[in-house]
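The residues making up each chain are set out below.
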Amino acid sequence: MESTIDTLSGAILAGLSCRCPRCGRGKLFRGFLAPGPRCEVCGLDYSFADAGDGPAVFIMFLAGFIVVGAALVTEVLYQPPLWVHAALWLPLILIVTLGPLRPMKGLMIALQYHHKAAEGRFRGGQP
Ligand SMILES: [Zn+2]
């Protein structure tokens, strides 16, 4: 029987909620961004989970677009003093980078599991 976690949308939901990509119930992370050793519900070994810099890259593009765009529009329309820019954009940078980092990493690990993505390996001459 195919559970909802086997579908792409189920994997996306499990990843965004930082849950195990196989059962969708166990916690994925032990710390803020460190995956635990295995799922406490289904026992899935999380050693495959390596999202690398992927989540940070996506968030940097998105956060840069939002913050730089907002700062440019504000500067062109209002020309506020520099302290206003600092007061507005520094907290916004923290919100739009640290906020989505954990769900984005969970999403990438869930998609990695769903698509069975792994590093390329030689198979000893077998085609
Ligand atoms: Zn699990």
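Not measured: the values here are computed from a predicted model.

Draft legend 1. Layout of the coordination of the zinc ion. Within the protein, C20 (SG), C23 (SG), C39 (SG) and C42 (SG) serve as the donor atoms for the zinc ion, at 2.3 Å. Each of the four donor atoms bound to the zinc ion contributes to angles spanning 105 to 117°, and the resulting shape is tetrahedral. Between consecutive donors of the zinc ion, the numbers of intervening residues give the motif C-x2-C-x15-C-x2-C. Within this pair, whereas C20 is found in the loop between α1 (8–16) and α2 (54–78), its partner C39 is found in the loop between α1 and α2, the two being separated by 19 residues in sequence. Summarising the burial analysis for this pair, C20 and C39 share the class buried.

Draft legend 2. Local environment of the nonpolar core. Counting 11 residues, the largest nonpolar core consists of C18, C20, C23, L28, F29, C39, L44, Y46, A49, A51 and I109. Excluding anything up to four places from it in sequence, F29 contacts C18, A34, P35, G36, R102, K105 and G106. By size, the runner-up hydrophobic cluster in this structure holds five residues, among which are A63, A71, W89 and V96.

Draft legend 3. Region of the structure containing the layout of surface pockets. Roughly 210 Å³ of volume is contained in the largest pocket. Forming the walls of the largest pocket are F48, D50, Q112, Y113, K116, A117, A118, E119 and R121. Each residue belonging to the lining of the largest pocket can be placed in one class, and the counts come to four nonpolar, one polar and four charged.

Analysis parameters
Residues numbered from 1 in each chain as written. Predicted model: local features only at pLDDT ≥ 70, side-chain atom pairs only at ≥ 80, totals over all residues. Heavy atoms only, no water. Donors = N, O, S within 2.8 Å, 3.2 Å for Na, K, Ca; no water. Tetrahedral: all angles 85-135°; square planar, octahedral: opposite > 155°, others 65-115°. Helix = DSSP H or I, 4+ residues; strand = E, 2+ residues; numbered from the N terminus. Buried < 20%, exposed > 50% of the residue type's maximum accessible area, 1.4 Å probe, protein only. Core = buried A, V, L, I, M, F, W, Y, C linked by side-chain atoms within 4.5 Å. Contact = heavy atoms within 4.5 Å. 1 Å grid on protein atoms, 1.4 Å probe; cavity = no way out; pocket = protein on both sides within 12 Å on 5 of 7 lines; lining within 4 Å. Points joined across faces, edges and corners; volume = space filled by probe spheres on them. Nonpolar A, V, L, I, M, F, W, Y, C, P; charged D, E, K, R; others polar.

None of this, on its own, says anything about what the molecule does.
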